[in-house]
Amino acid sequence: MLQASSRQPSRPAAAAALLAACALTLTACGAPEAGGGTDGAADKVTRITDATGTKVKVPAAPERVVALSEMDLDSALALGVKPIGLTAGRGQHGAPGYLADQAKGIPVVGAVTGPDIEKVVRSRPDVILAGQTTDPQILEQLRRIAPTVVTIDRTKDWKKSLALTGKALGKDNEAKKVLAGYDTKAAALKKDLGARAGTSVSVARYSAKGTAVMQQGVFISDVLKDLGFRRPGVQNKPGQGHSTPLSDENLHEIDGDWLFIGTLSTAGPDAGLLDKLATKPAYRQLKAVHDKHATMIDGSKWTSLGGAEAAVSVLGDIRKAMVK
């Protein structure tokens, strides 16, 4: 008896076939140029340089946008564009929790580990926002599907990414307005914080694997810097990854004048974890906990790639916790 795999093409073979179909159907899948784009009239095409320095031609007003990172999804929604495909957030089956309502109904076409090329092809995008994708083979495949813009550079600066995404989506002015609105809200919050703006703020993520702190070079650290906060211990230094794990024996390292801690999800393996953490003697002994300066937060918003929507929402969380 023949096995199913001998009757059906493998996933890589199927993806290759779909990419070949794209090459034959440019109107549906975009041009196969390395830089993407079409040969339409000049007033219908925008030429931009993405985060890798690659020059890309994109439609001046794209209608079918695929977002391959949490930050891309956040940026697109902040600019009033609802993508037709998204990458599942860290620890999520779909969009990050804080974007779930806005992203309702958007199909998942990939995970944090990378896009599902078959699903991206079938979504028939006219622009792909590729986040921080660096794999040359994946980028080549994506560029054969549609104009592809890498939106996140090594700094992972959400403001730079939003500005670039605005150019890619024909929403340059909207991006400027969003950034100006954030700056206004941040300045108002910093003023209302008064002396607390100079206090020490710690941000940590808790999971079944333990605790991790957010160091410099990530979204939340940039927001806290805008408010003038200091960071305790290792959080003052750049991290090698997105977050730095700590053992329970070193739980004291998440302490600060104020502590914001959360999980990526309130369901699945993360369900009830914060309640368990609150019972640990090492956690109860933290100064921030003793002073009632510890706040449980949405980790999908505070401790992921972030973006404009996350940044404004974080300002609201901080105001609620620290402004009396």
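This is a predicted model, so every value here is computed, not measured.

Cut-offs and rules
Residues numbered from 1 in each chain as written. Predicted model: local features only at pLDDT ≥ 70, side-chain atom pairs only at ≥ 80, totals over all residues. Heavy atoms only, no water. Salt bridge = Lys/Arg side-chain N within 4 Å of Asp/Glu carboxyl O. Helix = DSSP H or I, 4+ residues; strand = E, 2+ residues; numbered from the N terminus. Buried < 20%, exposed > 50% of the residue type's maximum accessible area, 1.4 Å probe, protein only. Pairing = 2+ DSSP bridges. Axes fitted to C-alpha atoms, helices over the stretch in contact; angles between N-to-C directions. Contact = heavy atoms within 4.5 Å. Parallel < 35°, antiparallel > 145°, perpendicular 65-115°, else oblique. Left-handed = near helix turned anticlockwise from the far one by under 90°. Nonpolar A, V, L, I, M, F, W, Y, C, P; charged D, E, K, R; others polar. pLDDT = per-residue confidence, 0-100.

Peer 1: Looking at this model, I keep getting lost on the pattern of salt bridges. Mind explaining?
Peer 2: Note on pairing: side chains with opposite charge can pair once their charged atoms come close. As enumerated under the stated definition, the model contains 12 salt bridges in all. Where E118 meets R122, a salt bridge forms, and the shortest distance between an N and an O atom there is 3.6 Å. Of the two residues, E118 and R122 are both situated in helix α5 (residues 117–122); the distance of four residues between them amounts to about one turn of the helix. When its relative accessible area of 10% is taken as the criterion, E118 is described as buried. Judged by relative accessible area, R122 falls into the exposed class, the value being 55%. One salt bridge in this structure joins K160 and D153, with 2.6 Å as the shortest N-O distance. What emerges from the salt-bridge pattern is a single network uniting R230, D257, K287 and D291.

Peer 1: Sorry if this is basic, but what is going on with the sheet that holds strand β6 (residues 114–115) here?
Peer 2: Hydrogen bonding along the main chain pairs the strands of a sheet, whether they run parallel or antiparallel. Spatial ordering of the open sheet is given by β6-β5-β4-β3-β7-β8, a layout of six strands whose pairing is mixed. Of all the strands in the sheet, the pair left with one neighbour each is β6 and β8 (148–149). Across three bridges, the pairing between strand β3 (residues 65–67) and strand β7 (residues 127–129) is parallel. By the bridge assignment for β7, V65 is matched with V127.

Peer 1: How should the sheet that holds strand β12 (residues 258–263) be read in this particular structure?
Peer 2: Pairing is mixed in the open sheet, where five strands are placed in the order β11-β10-β9-β12-β13. Sheet topology places β11 (244–246) and β13 (294–298) at the edges, where each strand pairs with a single neighbour. Taken over all neighbouring pairs, the strand axes of this sheet differ in orientation by 35° on average, direction set aside. Pairing of strand β9 (residues 201–207) with strand β10 (residues 210–213), which is carried by four bridges, proceeds in the antiparallel orientation. When the sheet's bridge partners are listed, S207 is paired in β10 with G210. The sheet strands contacting helix α14 (residues 308–322) are β12 and β13, and the helix crosses β12 at an angle near 130°.

Peer 1: Quick question: what am I supposed to make of helix α4 (residues 70–78) here?
Peer 2: Quick reminder: α-helices carry 3.6 residues per turn. Residues three or four places apart thus point the same way. Counting buried positions over the nine residues of α4 gives nine, a clear majority of the element. Taken residue by residue, α4 has E70, M71, D72, L73, D74, S75, A76, L77 and A78 as its buried positions. In this structure, the buried side of α4 is in contact with β3, β4 (85–87), β7, α7 (158–168), α8 (172–193) and α14. The positive-phi residue at the C-terminal boundary of α4 is G80, with phi of around 85°.

Peer 1: How do you make sense of unusual backbone geometry when you look at a structure like this?
Peer 2: Negative phi is the rule for most residues except glycine; trans is the rule for most peptide bonds. If you check the backbone angles, R124 has positive phi at about 55° while not being a glycine. Within the fold, R124 resides in the loop between α5 and β7. Residue K156 is not a glycine yet carries a positive backbone phi of 55°. With respect to the helices and strands, K156 occurs in the loop between β8 and α7. Owing to a relative accessible area of 21%, K156 belongs among the partly exposed residues under this scheme.

Peer 1: Whenever I open this one, the packing of α7 against α8 confuses me. Can you help?
Peer 2: Think of two packed helices as two axes; the pair is described by the angle between the axes and how far apart they sit. Remark: α7 packs on α8, axes separated minimally by 7 Å, with the N-to-C direction vectors making an angle of 155°. If you check the angle between α7 and α8, you find them roughly antiparallel. α8 is crossed by α7, and the crossing has right-handed handedness. When α7 is examined against α8, the residues W158, K159, L162, A163, G166 and K167 are found in contact with a partner set consisting of D172, A175, V178, L179, Y182 and D183. Of the residues belonging to the contact of α7 with α8, the class tally is seven nonpolar, one polar and four charged.

Peer 1: Would you mind showing me how to read the confidence of the model for the protein chain here?
Peer 2: Any region with low pLDDT has predicted coordinates that should not be read closely. Per-chain confidence: the protein chain averages 87 in pLDDT, with 86% of residues scoring 70 or above. Counting contacts from residues 1–10, a segment whose pLDDT is below 50, to residues more than four positions away or on other chains yields two contacts. A low-confidence stretch, residues 23–42 (pLDDT under 50), is modelled with 33 contacts involving residues beyond four sequence positions or located in other chains.

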